Amino acid sequence: MENQILKILTNHQGHYISGQDISEKLHVSRMTISTYIKGLKEKGYQIETSTKKGYCLTQNNDIIFIDDIKKQLHPFYQNIDYFDEIESTNQHMKSHAYQQGDIIIADSQTNGKGRNGRSFYSPKQKGIYLSFMLKPTLSIYDSLKITACCAVAAIKAIQKNYPLSPQIKWVNDIMINDFKVAGILCEATIDMNTAQIETMIVGIGINVHHDPMPADLQHIAGCLEDFCDKQAQRQKIIIDFLNIFYDDYTKLSYLSFLDDYRRYSYVLHQDITVYENNTSYPAYVSSINDDASLTLLVDGKQKILKSGEVSIRKTNHQQHT
Ligand code: BTN
């Protein structure tokens with residue numbers, strides 16, 4: 001019922017619709033509608049109420065309708081579980097039985113997870129917090145390719161919806177003007193005998209709508225709408241991202257996504273600082289390899305960087321994520 005009311009209000013977004021009209025559409029009493037509206041307001045939806053005109057969902061609501069998403073996704077994707085609030089979509093997927101192609105979407109996370117034990121700020125209605133399950137036939141040594149493929153899909157989906165030119169900060173961050181606007185967290189289980197990936201949970205968080213960031217993030221993180229005037233719907237970005245990802249994922253072995261990965265790179269041919277095991281050292285990124293690892297020049301010697309507990313920062317930039 002809640003969802004049906006939200007759908008009607010969304011179809012009239014920015015305009016009033018009377019309680020009578022809604023109750024007739026849904027074949028319930030006006031009292032029932034009024035009770036549900038109260039509940040929706042308590043959940044954080046911004047609905048204006050007028051005794052004369054009825055209810056108006058204000059323009060700054062961006063509601064995700066799972067049925068709309070399902071209809072437009074490639075059939076590879078299976079069930080979608082939606083939560084108004086969850087601890088972490090990755091964590092939930094890890095601790096429940098999900099199949100390949102299953103998706104979890106949340107409107108907010110109370111303990112969103114980032115790489116290297118960091119957290120991911122996930123306020124209500126402001127971003128995309130999404131995990132999906134893969135069971136790829138892939139060795140653990142190739143797992144970076146999935147993160148890279150996901151980053152490319154995120155960039156393309158953002159560009160389909162906004163006049164922006166984001167870049168990929170190896171390996172899992174999406175940047176605009178030195179601010180992080182999205183992050184990817186891939187978590188795998190491995191068959192130790194074969195070194196093959198058994199399951200891979202791909203988690204992505206994208207900061208979409210304006211929201212005052214907590215003080216410790218203000219200088220390093222931003223959202224898409226900080227960088228342009230347009231407003232897009234999160235569900236449209238979700239659909240584009242998942243369909244683009246699937247397209248590149250089915251061609252993973254041809255490495256076609258890598259051209260884009262290199263083209264969108266924030267660090268290729270740049271001086272960086274590498275943070276590894278409580279130490280840091282300067283390096284130059286000379287290439288991005290076919291397994292999505294980086295070749296660095298460190299003190300004139302080549303070094304290959306493959307994910308792990310490593311983070312990098314562009315030299316002479318404040319950014320450190
Ligand atoms: C990072 O910044 O290091 C990665 C951030 C990944 C955040 C997403 S939001 C959806 C999914 N669930 C999580 O708890 N984390 C990922």
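Bear in mind the structure is a predicted one, so any value in this text is a computation, not a measurement.

Asks: Requested: an account of the pattern of salt bridges, with residues and values cited.
Replies: Scanning the entire structure with this criterion turns up 21 salt bridges. Put simply, K236 and D240 hold a salt bridge, and the shortest N to O gap is 2.8 Å. Taken together, the residues span about one helical turn, with K236 and D240 both in helix 7 (residues 234-249) at a distance of four residues. Between K303 and E276 there is a salt bridge, with the nearest N and O atoms lying 3.8 Å from each other. With K303 in strand 14 (residues 301-305) and E276 in strand 11 (residues 271-276), the pair connects residues that are 27 residues apart, well separated along the chain. Assessed through its relative accessible area of 29%, K303 is described here as partly exposed. By sharing partners, the salt bridges in this structure join D62, D107, K124 and R234 into a single network.

Asks: Could you give an account of the pairing of strand 5 (residues 103-106), naming the residues involved and the relevant values?
Replies: What you see with strand 5 is no split at all: I103 and I105 on one side and I104 and A106 on the other are buried throughout. For the crossover that starts at strand 4 (residues 80-83), traverses helix 5 (residues 89-94) and ends in the parallel strand 5, the hand is right-handed. Inspection of the sheet shows strand 5 paired to strand 6 (residues 127-134) by four bridges, in the antiparallel sense. Pairing of I103 across the sheet is with F132, part of strand 6.

Asks: Mind laying out the domain arrangement of the protein, listing which residues take part and the relevant values?
Replies: The domain boundaries assigned to the protein delineate domain 1 (2-57), domain 2 (66-263) and domain 3 (271-314). The C-alpha-based centres of domain 1 and domain 3 are spaced at 54 Å.

Asks: Pulling in residues and values, what's your account of the sheet that holds strand 1 (residues 16-17)?
Replies: Read across the open sheet, the three strands follow the order 1-3-2; overall the sheet is antiparallel. For this open sheet the edge positions go to strand 1 and strand 2 (47-50), each flanked by a neighbour on one side alone. Across four bridges, strand 2 lies against strand 3 (residues 54-57) in antiparallel orientation. Across the sheet, residue T49 finds its bridge partner in strand 3, namely Y55. Each of strand 1, strand 2 and strand 3 touches helix 1 (residues 2-11); the most contacted strand, strand 3, lies at about 80° to it. Across the sheet, helix 3 (residues 30-42) lies against strand 2 and strand 3, angled at about 140° from strand 2, the strand it touches most.

Asks: Go over the site of the ligand with me, naming the residues and quoting the values.
Replies: Residues in close proximity to the ligand total 21 residues, the closest being S88, T89, K113, R115 and K180. One of the backbone nitrogen or oxygen atoms of R115 is found 2.6 Å away from an oxygen atom of the ligand. In this structure, an oxygen atom belonging to the ligand sits 3.4 Å away from a side-chain N or O atom of N172. Relative to its unbound accessible area of 410 Å², the ligand is 98% covered by the protein chains. Secondary structure elements with two or more residues in the shell around the ligand: helix 5, strand 6, strand 9 (179-191) and strand 10 (196-207). For the shell around the ligand, the residue count by class is six nonpolar, 11 polar and four charged.

Calculation notes
Residues numbered from 1 in each chain as written. Predicted model: local features only at pLDDT ≥ 70, side-chain atom pairs only at ≥ 80, totals over all residues. Heavy atoms only, no water. Salt bridge = Lys/Arg side-chain N within 4 Å of Asp/Glu carboxyl O. Helix = DSSP H or I, 4+ residues; strand = E, 2+ residues; numbered from the N terminus. Buried < 20%, exposed > 50% of the residue type's maximum accessible area, 1.4 Å probe, protein only. Right-handed = clockwise from strand over helix to strand, strands pointing away. Pairing = 2+ DSSP bridges. Domains from an automatic or database assignment. Contact = heavy atoms within 4.5 Å. Axes fitted to C-alpha atoms, helices over the stretch in contact; angles between N-to-C directions. Near = heavy atom within 4 Å. Polar contact = N/O pair within 3.5 Å; in protein donor to acceptor, adjacent residues only side chain to side chain. Areas by Shrake-Rupley, 256 points an atom, 1.4 Å probe, with all protein chains shown as cover. Nonpolar A, V, L, I, M, F, W, Y, C, P; charged D, E, K, R; others polar.

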